[in-house]
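Each chain is listed here by its residues.
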Amino acid sequence: MKFRQKVLICNIIFVAIAFAVSGYLLIRYNYQMNMDRVCTSALEENQLLRTTIEGDVANRILQGDYESLSDVNLLREGIERKLEGTQTEVYLYREEELEEGSPFYALVQELEAAQKMYTIQENNGQYQLLCASILGIENADIYIINVKDMTEVYDSMNRQIDYYRIIMIVAVLVCSVVMYFISLYLTRSIKTLTKVTGEMARGDYSVRCRIRSRDEIGELSRYYNKMAGAVEHHVEALQEENRRREDFVANFTHELKTPLTAVIGYSDMLRSKHMSEENIQIAADYIFSEGKRLETMSMKLFDLILLGKTGIEKRRIYVPDLLEAVGSSAAPIMAERNVVLRVRDCDAWIMGDKDLLRTVFINMLDNASKASGGKGVVVLRARHKSSVVLIEVEDHGCGIPKDELKKITEAFYMVDKSRSRKSGGAGLGLTLASKIIELHGGKLKIQSEVDVGTCMQVFFREVPSDAS
């Protein structure tokens, strides 16, 4: 059963119970008021009859007619003449006249001197109110009983009940229709949220819930959107991580296969064929160069694994000294590739491992000289501002396409694979460099444009010169 159906049924039940209880209490109250009014009227009539009889008795005593005082029939006739034309029925009985089984016997049995009693009797759908009292005359008790028809009270109550049943049925039906549309309105947000959740469960993590209400449903939708955003981010991160792992395995396999194929092929030639000294030397050179490539690649992989498991010991580094050491180490490579290196330092201090940072910037200069294609200028400069030291390596070479900028720090990824292999690269240099920068708490930012050049920026936190 849907939630809106539960809401509808619960509200219908509540409305029906509320109408039934309120109607019952209202009819009951009205019935009780009518009963009290009729009973009060009957008791007052009985009191009036008592007063009338007492007055008649007093007149007879004043006239000296003592013999008629005990004659109940004479008293009854006098009362009947006075009540002629009214609907009141009056009965006068002496005590000995009421025997067990007579209509008023049970009523008068409950009377005591100077008291009044009343009861209600039903006969074939007719209701009568019997009211009785005792009057003592000449050492005898006379029971005064007046009967009042109160069928109208019960008929009125029954008519009210029937009429209220009709009203309640109509009211419940109307309320049901109204509550149906209200429940649709109130639960449409839940329906929307359910639909969005179903789409997310089917794999669409980009879907969002557009509920603008400020109630609990609106708050739930806002939390859902936050959750969906977090899930989408994590899914994208997992997909990206999975892509990186697949690319790593594919590239690693390819990087191993190329030198191993050469080593196996040339060694098989040396083993199975008679070759000249020149060809033997060529084959040995190939085997040696490919072996060195494997060694370099394995050492860099080892460095990556080691950096991920161990920390580094940081010391104060004077930036001009760092740039001078990097420039001195990279100068032979630059000269060999016919590239001019310009170094511009600044007076600043950073914290880190000098040897590891030298590796980072030497690798960047190596990549910059390769990208320059044997011409142009490569700039290594440092600047500091607002407690931040920026070290840049800028070239004016071939540049990097925008869709590959995010991938160049991945293991074995190379923008130009053929050129990198010719120069002995394996696509691990920038991966290792970015890992070292991360361990130093720095930030690497790469700006590049095809056929314009590339600028690699590394941001460090500046430390005072006297920091320990």
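Residues numbered from 1 in each chain as written. Predicted model: local features only at pLDDT ≥ 70, side-chain atom pairs only at ≥ 80, totals over all residues. Heavy atoms only, no water.

With that out of the way, let us pick up the sheet that holds strand S6 (residues 340-344). Taken in spatial order, the 5 strands of this open sheet run S6-S8-S9-S11-S10, and their pairing is mixed. The open sheet has two free edges, formed respectively by S6 and strand S10 (443-449), since each of these has just one partner strand. Across the sheet, the mean angle separating the axes of adjacent strands is 15° when strand polarity is ignored. In this structure, strand S8 (residues 377-385) lies alongside strand S9 (residues 388-395), joined through 7 bridges in antiparallel fashion. Opposite Lys385, over in S9, you have Val388 as the bridge partner. Contacts between helix H7 (residues 319-336) and the sheet are confined to S6, S8 and S9, with S8 contributing the most and set at about 170° to the helix. With respect to the sheet, helix H8 (residues 354-372) is in contact with S6, S8, S9, S10 and strand S11 (453-461), its orientation differing from that of S9 by roughly 30°. (Pairing = 2+ DSSP bridges. Helix = DSSP H or I, 4+ residues; strand = E, 2+ residues; numbered from the N terminus. Axes fitted to C-alpha atoms, helices over the stretch in contact; angles between N-to-C directions. Contact = heavy atoms within 4.5 Å.)

What follows deals with unusual backbone geometry. With a phi angle near 55°, Ser386 is a residue other than glycine that sits in the positive phi range. The exposure class assigned to Ser386 is exposed, which follows from its relative accessible area of 63%. If you check the backbone angles, Ser387 has positive phi at about 65° while not being a glycine. Mapped onto the secondary structure, Ser387 falls in the loop between S8 and S9. (Buried < 20%, exposed > 50% of the residue type's maximum accessible area, 1.4 Å probe, protein only.)

Inspection of every chain in the model, using the stated rule, returns 4 aromatic pairs. Look at Tyr180 and Phe181: their rings are 5.4 Å apart centre to centre, the planes differ by 80°, and that puts the pair in the edge-to-face class. Judged by its relative accessible area of 37%, Tyr180 is partly exposed. Exposure remark for Phe181: the relative accessible area of 52% places this residue in the exposed category. Seen from their ring centres, Tyr318 and Trp349 are 4.8 Å apart, and the 40° between their planes marks the pair as tilted. Here the residue Tyr318 occupies a position in strand S5 (residues 315-318), and Trp349 occupies one in strand S7 (residues 349-352), the gap between them amounting to 31 residues. Judged by its relative accessible area of 25%, Tyr318 is partly exposed. (Phe/Tyr/Trp six-rings, centres within 6.5 Å; stacked < 30°, edge-to-face > 60°.)

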